Amino acid sequence: MTKLIVKGMHCSACQSLIKMELEEKGLPVQEVKLLAGDRGEVEFADLNEEQINLAKKTIEKMDNYSVIS
Amino acid sequence: MSINKNIEKKIFYVEGMHCSSCELLIEKKLLKKEGIKAVEASLNKGQVCVYFSEKKNLDLDKINQEFKSLGYSFFTEPQIKQNKKLFYQTEGKWQINKDKLIAFLKTSILAFSFLLAFYFLDKWQLGRFISVDTRSSLSAFFILGVIASVSSCAALVGGVLLAMTKKWHEAYIDSDNNFQKTLPHWLFHLGRLLAFFILGGFLGWLGSGLSFNNTFGYAVLVGLVSLLMIILALQMLEVSWAKKISLRLPKFITRKVASENSWQGKYSPFLLGVLTFFLPCGFTLIAQGIALTTGSFLAGASIMLFFALGTLPMLASISYTGYRFTQKPHLTAKFSKVAGIIIIFFAIYNINGQLNVMGLPSLHDLKNYSNAKITTPSEPIILFGPDAGKTLSVSKNNSEKKVQVTDDIQQLEIIAQGFEYTNSGNTVLRANVPTVMIVDNQGILGCGAQMAARGLFSGFVNLKPGINKIDLGRPKAGSYKITCSMGMVPPITVTFQ
């Protein structure tokens, strides 16, 4: 399982937006969770390095979001 | 509505949008539908404008079905906005917003439960169970600190700490682990302990040449701190005018708050902890006064450190509670409301105490006024003896005592015992006459050992056991309040006419 922590997520709309964008890129999103503060966690089934980079790039391209880890 | 031959435009009124992400989400999802050419969502207007090919049939029910799980509802007509206020008018009639009322009641119950506990702790006057002087052991100062932390210190330092918790949460939100998120609290308490140790030692080294006697200065300081607490509390309660007052750290600090190279933002909680040494909580002043008399750096430092350690459990509990609540998004709002109410009461408690010290009207006067009764003493019936059955005439003036005058010096007699002062003579004296206050200390405890009577004498008087004679000079006409250094001992009022 691969997880990415995203900064800038504060509501359910953010969850849905990020999930939608990642799924459009063909990435196997399992769950998008909100964490404390303005953090969120995106869970994927196992990704290879190329997919991880694509996921990060997709999120970073969106306004207001950035990948922390 | 047709924009051109091929493109139609329709405006939907949407409920459930709350941020820019909602606008984006709605736009993206609608754009995926066949036939939809452009979408413009506006949170401000609560509208979504859809441009679609004339052949496309926009089915409102299907749209609502699709967006229901995301929390949005589409309408073709503008909706009457649900009123967010507690009381609102509909068609000329006043209505109560039930959801808001229930939330308000829950918050109030939580806040008032805490305040009730604080009230009873304060009423028990725990300060009377401990008395310290230079001969006391360090554990006595530790216990003094514990007692301080559940009375005046809780109201002052605890109130500030509670108010800062939310600010630190916002400033340190970028931290990656629990330790970093709790760092401001660690720094605050560390700063406080170090300051009490070092500055306490400094007091001991300075010796009794220095004294803390500026009642006006302390009152102003406590007043300013309490005012700041009220503003922060009103912001936490989302009062609109209070939110316009900016009490944030400057952006050049908050931007660098997690940077190793920027100590201003990172270490401001440490500095705040240090500055609490100068907050004039009555118990702190007692400990500082004794530290001064030790004449030794180590003795003064030890006294103040143990006192601060005594306050640590309660203050750490406030830190922990505040931190835990602000880490859960669904509890942060509730924490803000509860803490806001508590902070306002603490601020009023502090201000009320200082009004007593300054000799100004306070909430204690309201209590005294409502308790004052004019009673006509009933004439008792003699039950035994040769005059049994007859009524006994009672003089209505037998409660008045004459002012004691010895060698043309008027005496004001006070008994200091437990956690109160009692006027054992008359409360009305002659103005512009040489007057001496005789305070019989029959075991006054806690911060009551530091008496304040603004206008009669400047600063505070440390009461020694037994008789204390204080020369009041020739007091001018007026009413004066006598209380302790923090205004916590219920004030007694004397009048010079």
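Above this note sits the structure.
Going along each chain's sequence as written, the residues are numbered from 1 onward. Key to labels: chains lettered from A, ligands numbered from 1, both in the order written. Where totals are concerned, whole chains, interfaces and linings use all residues; where local detail is concerned, this predicted model gives features only for residues with pLDDT of at least 70, and gives and counts side-chain atom pairs only at 80 or more. Calculation of side-chain values draws on the structure's entire complement of heavy atoms; hydrogens and water are dropped beforehand.

Participant: So what's going on with the overall build of chain B? Which residues, and what values?
Facilitator: In DSSP terms, a helix is any run of H or I states spanning at least four residues, a strand is any run of E spanning at least two, and both are numbered starting from the N terminus. Scanning chain B for helices and strands turns up 15 helices and 16 strands. Across the 497 residues in chain B, those meeting the buried criterion constitute 42%. Sequence separation of at least 24 residues holds for 69% of the intrachain contacts in chain B that already meet a minimum separation of 6. Here chain B displays about 27500 Å² of accessible surface, and carbon together with sulfur accounts for 59% of that area. Exposure classes here rest on a 1.4 Å probe applied to the protein chains alone. A residue is buried below 20% of its type maximum, exposed above 50%, and partly exposed in between. Two residues qualify as a contact provided that any one of their heavy atoms is within 4.5 Å of a heavy atom in the partner residue. For accessible areas, the Shrake-Rupley method is used with a probe of radius 1.4 Å. Any residue's cover is judged against the shown protein chains and nothing else.

Participant: Go over the side chain of His-185 of chain B with me, naming the residues and quoting the values.
Facilitator: One can find His-185 of chain B in helix α6 (residues 178-206). In this structure, His-185 of chain B is in contact with Leu-161, Thr-165, Trp-168, Ser-319 and Tyr-323 of chain B, ignoring residues within four places of it in sequence.

Participant: Give a description of the packing of aromatic side chains that names residues and reports values.
Facilitator: Each aromatic ring pair is specified by the distance between its two centres and by the angle formed by the two planes. Residues and elements named next belong to chain B. Paired rings are identified among Phe, Tyr and Trp, the last through its six-membered ring, by centres lying within 6.5 Å, and are further divided according to the angle between planes into stacked (under 30 degrees), edge-to-face (over 60) and tilted (the rest). Here the structure, examined in full by the defined rule, presents nine aromatic pairs over all chains. Between Phe-196 and Phe-277, the ring centres sit 5.1 Å apart and the planes meet at 85°, which makes this aromatic pair edge-to-face. Remark: Phe-277 occurs in the loop between α11 (268-275) and α12 (282-294) and Phe-196 occurs in helix α6; sequence separation between them is 81 residues. Looking at Phe-277, the relative accessible area reads 5%, which means it is buried. An aromatic cluster is present here, built from Phe-12, Phe-67, Tyr-72 and Phe-74 joined pairwise through their rings. The positively charged end of Lys-10 is found above the aromatic ring belonging to Phe-12, 5.7 Å away from the centroid. Charge over a ring is defined by NZ of Lys or CZ of Arg lying within 6 Å of the ring centre and within 35 degrees of the ring normal.

Participant: Go over the sheet that holds strand β16 (residues 492-496) of chain B with me, naming the residues and quoting the values.
Facilitator: Residue and element names in this part refer to chain B. Read from one edge of the open sheet, five strands run β10-β16-β15-β12-β13, paired in mixed fashion. Where the open sheet ends on each side, the last strands, each with one partner, are β10 (428-429) and β13 (460-462). One requirement defines pairing of two strands: DSSP has to find at least two bridges between them. With five bridges connecting them, strand β15 (residues 478-484) and β16 associate as antiparallel partners. When the bridges of β16 are listed, Ile-482 appears paired with Ile-492.

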